Amino acid sequence: MKALLLLTALMVSALPVKADDTRFLNRSTVVGALAGTDCFVRKGKMTEEEAKEVMNYMLSVYPELNAAYSWASSSDKASKAVQVILPYLNSDCNKMSLSEDEAQRLIRPYLN
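Asker: Explain the overall build of the protein chain here, please?
Answerer: When you go through the protein chain residue by residue, the secondary structure sums to six helices and zero strands. Reading the secondary structure of the protein chain in the N-to-C direction produces α-α-α-α-α-α. Looking at the 112 residues of the protein chain, the share that counts as buried comes to 45%. The contacts in the protein chain between residues at least 6 apart in sequence include a share of 70% that link residues at least 24 apart. Summed over its atoms, the accessible surface of the protein chain is roughly 6100 Å², and 51% of this surface lies on carbon and sulfur atoms.

Put into structure tokens, the structure is as follows:
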């Protein structure tokens, strides 16, 4: 459970954005969470089921992310944004090696 709470807290702030656009902020948060859980699953630190639990928990705590999660669940653009972010997660899957501006620049084309 510690890993679930840590990951949730991390992913809500994983992609810091200055954007005034709430939709962009929510989508980037969900993409960050999906990238983080994907990283954990790939490294064997979490199962697919646990990754789903993390997302469900995050959505229960932050219900304003439901629309963004629905979008991400059915969007090829969201999948591509996750793939763009994955290489920038550290080996522990808990930090990104990108600046705020770099992260925004990389994912913005996928989140509109």
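We are not done yet, so read on.
Asker: For this particular structure, what's the right way to read the packing of aromatic side chains?
Answerer: Any aromatic ring pair is given by two values, namely how distant the centres are and how the planes are angled relative to each other. This model, assessed by the stated rule, comprises zero aromatic pairs. Over the face of the ring belonging to W71 we find R27, whose NZ or CZ atom lies 4.1 Å from the ring centre. The ring of F24 has R108 lying over it, and the distance from NZ or CZ to the ring centre is 4.1 Å.

Asker: Looking at this model, I keep getting lost on unusual backbone geometry. Mind explaining?
Answerer: Phi is mostly negative for residues that are not glycine, and the peptide bonds are mostly trans. Its identity as a non-glycine residue notwithstanding, C93 has a phi of 65°, on the positive side. Examined against the element boundaries, C93 turns out to sit in the loop between α5 (76-85) and α6 (100-111). Its relative accessible area of 0% is what places C93 among the buried residues.

Asker: Help me understand the nonpolar core, please; the structure alone is not making it clear to me.
Answerer: Soluble globular proteins tend to pack their nonpolar side chains together in the buried interior. Among the nonpolar cores identified, the biggest contains 33 residues, and V30, V31, I85 and L111 are the most heavily contacted of them. Contributions of two or more residues to this core are made by α2 (22-42), α3 (48-61), α4 (66-74), α5 and α6. For this core, the element with the most residues is α2, which contributes nine residues. Those residues in contact with L111 that lie beyond four places of it in its chain are R23, F24, R27, S28, V31, W71 and A81.

About the criteria used
- Residues numbered from 1 in each chain as written.
- Predicted model: local features only at pLDDT ≥ 70, side-chain atom pairs only at ≥ 80, totals over all residues.
- Heavy atoms only, no water.
- Helix = DSSP H or I, 4+ residues; strand = E, 2+ residues; numbered from the N terminus.
- Buried < 20%, exposed > 50% of the residue type's maximum accessible area, 1.4 Å probe, protein only.
- Contact = heavy atoms within 4.5 Å.
- Areas by Shrake-Rupley, 256 points an atom, 1.4 Å probe, with all protein chains shown as cover.
- Phe/Tyr/Trp six-rings, centres within 6.5 Å; stacked < 30°, edge-to-face > 60°.
- Lys NZ or Arg CZ within 6 Å of the ring centre and 35° of its normal.
- Core = buried A, V, L, I, M, F, W, Y, C linked by side-chain atoms within 4.5 Å.

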